[in-house]
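Per-entry structural report
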Amino acid sequence: MALTFTPPPTIIIVGCGVFGLSTARTLSDRYPSTKVLVIDKHALPCPYTASIDSSRIVRADYADPAYSTLGQDALKQWAGHPTFRKTGLVVTADDDNKYLKDSYNNVKSEGGVEYLPTEKEIKGLMAGGCSGASGYVNWNSGWVDAEAAMRILYSEVESRENVRFLIAEVSGLLYSGRKVLGVKLVDGKEITARLTILAAGAWTPSLVALYGRAVPSGQAVAYLTLSQEEATRYASLPVLLNLTTGTFIIHSPNTSPPTIKFARHAQGYASHTPVFPKKLPQEGEDALRDTVKRLVPEFSDRPFEKTRVCWYTDTPDGDFLVTWHPEHEGLFIASGGSGHAFKFLPVLGDEIGDVLVGKGRFGKKWGWKEHVEGLGDGSRGGCDGGRVPLEELLREGGENKL
C-alpha cells in the first residue's frame, strides 16, 4: 500500500556499502531538492565491508522466482559494465538438492543453460578437478570486480549536487521518546534529519534493536596468487558454487597480481559485532584447502596469499530487511543482505526507494516479519548445526565445530 511520503529537507544514510550507496543514488535522483548525507566510519574503499573485494558472483540462479527475476533485471544492467565478466556459473551439489533443481527450473528457459548430469561434465569445465556430483552451467552468469564497481558508483553519487559524504563513526541514534531525530557521532556531535536510514551492514543490529531479524555472520575467504602464465591458462574458468559444501571459486585474471578466490557460503561464524582475526579459524582454512584440492589440484600445496572473514548480515529466511522500523518513527532499515545483495547493485536502490514509499514488489517480502527463526534460504552449505561463535573457535584453536 502506497504511503503518504513527503520528501524531507535532509536524509541521513548510515553506511556506504551496497545498500547505502545504491539508496543514495536513487533518493538523490528522485528528490533533487532533498539533501542526502551519507555517513561512514571509513573512506571508500573500506577494507572491512563485504562489498569491497576482488569479486562477487552475479547470477539469476535462485530457487526463489522473485530473486531470479530481480537477478535477470540486474544482469541486463551489468551487461556492458566495465567490471562485469560473463564467464558462466557452474552450480553443483554432492547429493539431491532442492535449491539446485528449483534454481535450474527458474533459469533454463533463458537459454545458455546446460544440465551437467555427472562429475565428468563438471570436470570438463573446470581446472582439472571437480566439486559436485551433478548440476548445471548458466553461461549468462559470471562475476564482477566488486571494489571497482563500488568505486564507479561512489564517483557517480558523489557528483550529485544534493549528496554529501561524511567520514565519521556513528555511536548511536538520536531520540526524542521513541522518535528518531538523527544520529550521534563518537566525537559528541549530533546530526538531525527527519529521515534516518540505517544501511550499516553487519553493524546495523548494534545500532538499533532488530530482535534477531538480522545478525552478523562471518564467512571464510582465501586467495591464491597466480603467475601471469597461470592466469592466462585459466582465463576462461567459470565460477563454481557447490551447494552442499557451500564453497565457491572465482578466478580474477586481471587483478594485480592475478588471483583465485576460494570462499564458503555457509551459516558462518557468530559474533555480536564483526571482528577481524589475523587468520581464519583452522576449520575454515581446512575447508577452503579441501576445495583447492578438489577443484584446482595443481595448486593443492600452494599457500594462501591471504585469508579474511567476510561479514554477512543474515536474516532468518535470506530475504533482505528493508522496512520502516515499527517502534521508531523516522527510522528506515536497509540491510540484511544475507550474502547475496551485491549482484543487485544496479537495481537495488530503486527497489529500496519503492519500499520506502509503500510501492513496488518487495514491501511484504522484505518487511518486518513476526517469525524470526530459520537459517537462510536453502542455499547455504558446509554446516549441520547453525552458527558457532567465532571467538569460541579461535579460543579453542580452530576445532571443527561447523
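Under the annotation held in an unreviewed UniProt entry, the protein chain carries the name FAD dependent oxidoreductase and is attributed to Tuber magnatum. Under the UniProt heading Cofactor (unreviewed entry), the entry covering the protein chain gives this text: "FAD".

**Observations concerning helix α8 (residues 345-356)**
The terminal C-alpha atoms of α8 lie 17 Å apart, and with twelve residues this matches the ideal 16 Å at 1.5 Å per residue to within 8%. Where burial is concerned, most of α8 is hidden: nine out of the twelve residues are buried. Among the residues of α8, Leu 345, Val 347, Leu 348, Gly 349, Glu 351, Ile 352, Gly 353, Val 355 and Leu 356 are the ones counted as buried. Buried-residue contacts for α8 involve α1 (18-30), α2 (65-78), α5 (146-158), β13 (195-198), β20 (321-324) and β21 (331-335). Of the residues trailing α8, Gly 358 is marked for its positive phi of about 80 degrees.

**Let's talk about empty space enclosed by the protein**
Gaps left between atoms show up when a probe the size of a water molecule is rolled over them. This model, assessed by the stated rule, comprises three cavities of 30 Å³ or more. Counted as a void, the largest cavity has a volume near 90 Å³. Every residue along the wall of the largest cavity is listed here: Arg 213, Thr 315, Pro 316, Asp 317, Asp 319, Phe 320, Leu 321, Lys 365, Gly 367, Lys 369, His 371 and Val 372. Across the lining of the largest cavity, the residue classes break down as four nonpolar, three polar and five charged. Approximately 50 Å³ is the volume attributed to the second largest cavity. In terms of lining, the second largest cavity is formed by Arg 59, Asp 61, Leu 89, Val 91, Tyr 99, Leu 241, Leu 243, His 265 and Ser 379.

**Overview of unusual backbone geometry**
Cis rather than trans, the peptide bond between Leu 44 and Pro 45 has omega equal to 0 degrees. At the junction of Ser 256 and Pro 257, the peptide bond is cis and its omega measures out at 0 degrees in the coordinates. As for its placement among the helices and strands, Pro 257 is situated in the loop between β16 (247-252) and β17 (259-264). Here Tyr 211, not a glycine, exhibits a phi torsion of approximately 55 degrees, which is positive. Taking relative accessible area as the criterion, Tyr 211 reaches 46% and is therefore assigned partly exposed. Even without being glycine, Ser 338 reaches a positive phi, approximately 55 degrees. With respect to the helices and strands, Ser 338 occurs in the loop between β21 and α8.

**Quick look at the sheet that holds strand β2 (residues 35-40)**
Note on sheets: strands pair through backbone hydrogen bonds, and any given pair is parallel or antiparallel. The six strands lie next to each other as β9-β2-β1-β13-β21-β20, forming an open sheet whose pairing is mixed. The sheet is open, and its two borders are formed by β9 (163-167) and β20, each paired with just one other strand. Neighbour-to-neighbour, the strand axes of this sheet turn through a mean angle of 20 degrees, independent of strand direction. Of the strand pairs in this sheet, strand β1 (residues 10-14) and β2 are connected by five bridges, and their pairing is parallel.

**Some points on the UniProt feature "domain: FAD dependent oxidoreductase" (unreviewed entry) in the protein chain**
Mapped onto the present numbering, the UniProt feature "domain: FAD dependent oxidoreductase" (unreviewed entry) falls at residues 11-353. Helix makes up 25% of residues 11-353 and strand 31%, and the two end C-alpha atoms of the span are 13 Å apart.

**Some thoughts on the environment of Ala 200**
On the secondary structure map, Ala 200 appears in the loop between β13 and β14 (215-225). Sequence-wise, Ala 200 and Lys 108 are 92 residues apart; in three dimensions their C-alpha atoms are separated by 36 Å. Not counting residues within four places of it along the chain, the set of residues in contact with Ala 200 comprises Val 14, Gly 15 and Leu 207.

**Quick look at the packing of α1 against α5**
For the pair α1 and α5, the least separation of the axes is 9 Å and the interaxial angle reads 35 degrees. Handedness of the α1/α5 crossing: left-handed. Listed contacts from α5 to Val 18, Leu 21, Ser 22, Ala 24 and Arg 25 of α1 are Met 150, Leu 153, Tyr 154, Glu 156 and Val 157. Here the residues of the contact of α1 with α5 are counted per class, giving seven nonpolar, one polar and two charged.

**Overview of helix α3 (residues 98-107)**
Spacing of three or four residues puts side chains on the same side of an α-helix, whose turn is 3.6 residues. Among all positions in α3, only Tyr 99, Leu 100, Ser 103 and Val 107 are buried. Looking down the long axis of α3, one finds its buried residues gathered within 95 degrees of arc, a one-sided arrangement. Residues of α3 that are buried sit in contact with α2, β5 (89-93), β6 (113-116) and β7 (134-138). Between a side-chain oxygen at the N-terminus of α3 and the backbone nitrogen of Tyr 99 the separation is 3.0 Å; the capping residue is Asn 97.

Parameters at a glance
Residues numbered from 1 in each chain as written. Predicted model: local features only at pLDDT ≥ 70, side-chain atom pairs only at ≥ 80, totals over all residues. Heavy atoms only, no water. UniProt positions renumbered as here; feature names shortened; annotations may be inferred. Helix = DSSP H or I, 4+ residues; strand = E, 2+ residues; numbered from the N terminus. Expected span 1.5 Å × (residues − 1). Buried < 20%, exposed > 50% of the residue type's maximum accessible area, 1.4 Å probe, protein only. Contact = heavy atoms within 4.5 Å. 1 Å grid on protein atoms, 1.4 Å probe; cavity = no way out; pocket = protein on both sides within 12 Å on 5 of 7 lines; lining within 4 Å. Points joined across faces, edges and corners; volume = space filled by probe spheres on them. Nonpolar A, V, L, I, M, F, W, Y, C, P; charged D, E, K, R; others polar. Pairing = 2+ DSSP bridges. Axes fitted to C-alpha atoms, helices over the stretch in contact; angles between N-to-C directions. Left-handed = near helix turned anticlockwise from the far one by under 90°. Arc of directions from axis to C-beta. Polar contact = N/O pair within 3.5 Å; in protein donor to acceptor, adjacent residues only side chain to side chain.

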